[in-house]
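# Structural description and commentary
What follows is each chain in one-letter form.
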Amino acid sequence: MTSITESSITQDRPQGSVELSIGGMTCASCANRIERKLNKMDGVTATVNYATEKAKVTFADGIVPQDLIAEVEKAGYTAALPAPPRREAEGDGAPEEPEDELRPLRNRLITALVLAVPVIAMAMIPPLQFTNWQWLSLTLAAPVVVYAGWPFHKAAWTNLRHGAATMDTLVSLGTIAALGWSLWALFFGTAGTPGMTHPFDFTIQRSDGSGNIYLEAAAGVTAFILAGRYFEARSKRRAGAALRALLELGAKDVAVLRNGAEVRIPSDELAVGDRFVVRPGEKIATDGVIEEGTSAVDASMLTGESVPVEVRPGEAVTGATVNAGGRLVVRATRVGSDTQLAQMAKLVEEAQTGKAQVQRLADRISGIFVPVVIALALGTLGFWLGTGDGVGAAFTAAVAVLIIACPCALGLATPTALLVGTGRGAQLGILIKGPEVLESTRKIDTVVLDKTGTVTEGKMTLVEVHTAEGQDEAEVLRLAGALEHASEHPIAQAVARGAAERVGTLPAPEDFANVEGLGVQGIVDGHAVLVGRPKLLAEWSQHLPVELERAFAAAQAAGRTAVAVGWDGAARAVLVVADTVKATSADAIRDLRALGLTPVLLTGDNEAVARTVAAEVGIDEVIAEVLPADKVDVVKRLQSEGRTVAMVGDGVNDAAALAQADLGLAMGTGTDAAIEASDLTLVRGDLRVAGDAIRLSRRTLRTIKGNLFWAFAYNVAALPLAAAGLLNPMIAGAAMAFSSVFVVSNSLRLRGFK
């Protein structure tokens, strides 16, 4: 009976996993809180990623996703089941959704900047302090603190309800305290008197604070920290773009055969069993089996194989690969979410969601700093009330503690260094996605390099010409190149390109014919020329001499592609085509080793090709013949060995591995899917930039840490003065301004990075 009951529960409430979209998180500690809350439920294991705003949850029998959503909402956040990726990618509302999320934040930032600048200017420049200037300051500063700073106050209230404190708590408390005290001083103290000024008085003395206003501190802090929050949100909204880029790789429409005629329909309307036509140069719409025609399929974007694959009737082809040769008729075997492309999109999503959480430095420190400051402010208030120095003096000292601790420079520490570092990176062809990336670069010890398009050029090139005794190399290239120029096959195009570069203009062939699966034949300048497999030449009794046989075998052993050339009754040459190593790759590997990294070559190509390339550039560790889905597993295996892994790649087949790696670097010459799934993009196709990217990221991180140290150092040094009631408001303002100037100038040093 028990087993039947369990079985029925399993059917109604299946054991499984779900991915929830989480809303309302403002810092990494929010993610931790949600994670802890979910993990307290029986049979639930959850990972919450602050960067992608997603929670990956596995749950046992008896739990439904609605239970999980309710638990997240109890913690003060929102949760929802995400829409299917395809609908999300193609629906009319999809691109606008992150735009809508960002617009309120941008509006608040613009409001804060426009209103806060004159407030700060009036407070810091005495000549601007006209009669009743303080009332204009109040009029401008109040909307900044209340409207623009609302996200901080809301987050602080949410945190307070759950007994936690973050930077939001300190920003909210500090700005409200500064505004509140300024209101008291203006309405009940002497600060509202016409003609009141803030002179530059650097004496340290106790005062009752009734003549001091702190509006510039309240408005400035709100504006600065809002700017940092906006730039962070803007980089985070790209989290889903990798999936959109992957799904957009597929063909948009397809020519389906209906009653013998071709009908063009959107590719997502294809059904299993439909027969469709793929012409040369077109993308294959979905996974299927060839029913008619032979061709070469360029699958490098999906598999990493640099050599196009020959296909014929009865063989399987994959959606989003390109038909490089003849006309094909394909029968669809998998559509929609079952295709290999959709499975890869799923892998990318899983890898992104499962990525280790990066705790922001400011939030980590604030976990200790904020409660200490609040306790110190309360302690200061209690102490001065106890000494009988009056309520005014006690409140002045307590508010001074909050204001001097309010993290103005802290708000600038990360955004300014990030802004300058990323700007300098962009000049050098390095695009850094966000602050989380920088922490990853510090710990990297292993760099996994995709072969095709990263270490190598990613396209076929004529690399060797072996001629029979007495043959002229230029003549061989002229005749073979002319014939191959008429073919659409990628290997033929590589031969034609190489021949044209070496001998110039090629003659036009006559009677050109493509011999299925063997090569091409035709007449060039009166010669009957054959180019293709040795079997094609043998059919015309043109057998390779021993030295050419040897060259052909050696090329194949090295994993290269060789074609034989013959004319007028004799085999004349063997041409070798290969994906060549980039000229800069060997230097790049030396740079990476100098940074203390171990390079690993990872490829879908065969072992022989991989070993040849690795030897050429100086890599010892090679992992070859790896399927796209297995690249993620290779990265996971290296991570399970205790290594911190960076991955460099350029194809769709690398996207999931780039997302899984601790640090993903995409070649800018690669696909959008790879670029979106990575943390760093190397705009130029030069692997040497990878070393520069890691050095720049490490230097930017050092600068951020230096900024955070000094931002806190100023606050901490001034706290005892504030607590003693000896902090003049102008000194507080000047110290805050100086700490901000120091942080900005320290960040600007990154512009000199070479």
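Cut-off values and rules
Residues numbered from 1 in each chain as written. Predicted model: local features only at pLDDT ≥ 70, side-chain atom pairs only at ≥ 80, totals over all residues. Heavy atoms only, no water. UniProt positions renumbered as here; feature names shortened; annotations may be inferred. Helix = DSSP H or I, 4+ residues; strand = E, 2+ residues; numbered from the N terminus. pLDDT = per-residue confidence, 0-100. Contact = heavy atoms within 4.5 Å. Pairing = 2+ DSSP bridges. Axes fitted to C-alpha atoms, helices over the stretch in contact; angles between N-to-C directions. Salt bridge = Lys/Arg side-chain N within 4 Å of Asp/Glu carboxyl O. Phe/Tyr/Trp six-rings, centres within 6.5 Å; stacked < 30°, edge-to-face > 60°. Buried < 20%, exposed > 50% of the residue type's maximum accessible area, 1.4 Å probe, protein only.

## Considering the UniProt feature "transmembrane region" (unreviewed entry) in the protein chain
UniProt's feature table lists "transmembrane region" (unreviewed entry) at residues 109-127, 133-150, 170-193, 213-231, 365-385, 391-414, 707-724 and 730-748, given in the numbering used throughout. Helix makes up 75% of residues 170-193 and strand 0%. Its end C-alpha atoms lie 31 Å apart.

## Considering the confidence of the model for the protein chain
Per-chain confidence: the protein chain averages 81 in pLDDT, with 82% of residues scoring 70 or above. For residues 1-14, every residue scores under 50 in pLDDT, and the model assigns this stretch ten contacts once sequence neighbours within four places are set aside.

## Focus on the sheet that holds strand β23 (residues 621-623)
Pairing in this open sheet of seven strands is mixed, and the strands run β14-β26-β25-β24-β15-β22-β23 from one edge to the other. Edge strands, defined here as strands with exactly one partner in the open sheet, are β14 (430-432) and β23. Pairs of neighbouring strands in the sheet enclose a mean axial angle of 20 degrees, with direction left out of account. Bridge count for strand β22 (residues 598-602) against β23 is three bridges, and the pairing is parallel. Bridging from a neighbouring strand, Val600 pairs with Glu621 of β23. Most of the contacts of helix α24 (residues 628-640) go to strand β24 (residues 645-649), to which it runs at about 155 degrees, and overall it touches β15 (446-450), β22, β23 and β24.

## What about the pattern of salt bridges?
A full pass over the atoms with the stated rule returns 26 salt bridges. For the salt bridge of Lys54 with Glu19, the shortest nitrogen-to-oxygen distance reads 3.9 Å. Of this pair, Lys54 sits in strand β3 (residues 54-59) while Glu19 sits in strand β1 (residues 16-23), and the two are 35 residues apart along the sequence. Here Lys451 ties to Asp605 by a salt bridge, and the two come within 2.8 Å at their closest N and O atoms. Pair noted here: Lys451 is in helix α17 (residues 451-455) and Asp605 is in the loop between β22 and α23 (607-617), with a separation of 154 residues, a long-range link. Among the charged side chains, a salt-bridge network with shared partners connects Arg275, Glu291, Glu292 and Arg331.

## Focus: the packing of aromatic side chains
For the structure on display, the rule yields five aromatic pairs. Taking the centre distance of 5.3 Å and the plane angle of 75 degrees together, the rings of Trp135 and Phe187 count as edge-to-face. In this pair, Trp135 is assigned in helix α6 (residues 133-148) and Phe187 in helix α8 (residues 167-187), connecting sequence segments 52 residues apart. On the accessibility criterion, Trp135 (27% relative accessible area) is partly exposed. With a relative accessible area of 52%, Phe187 lands in the exposed category.

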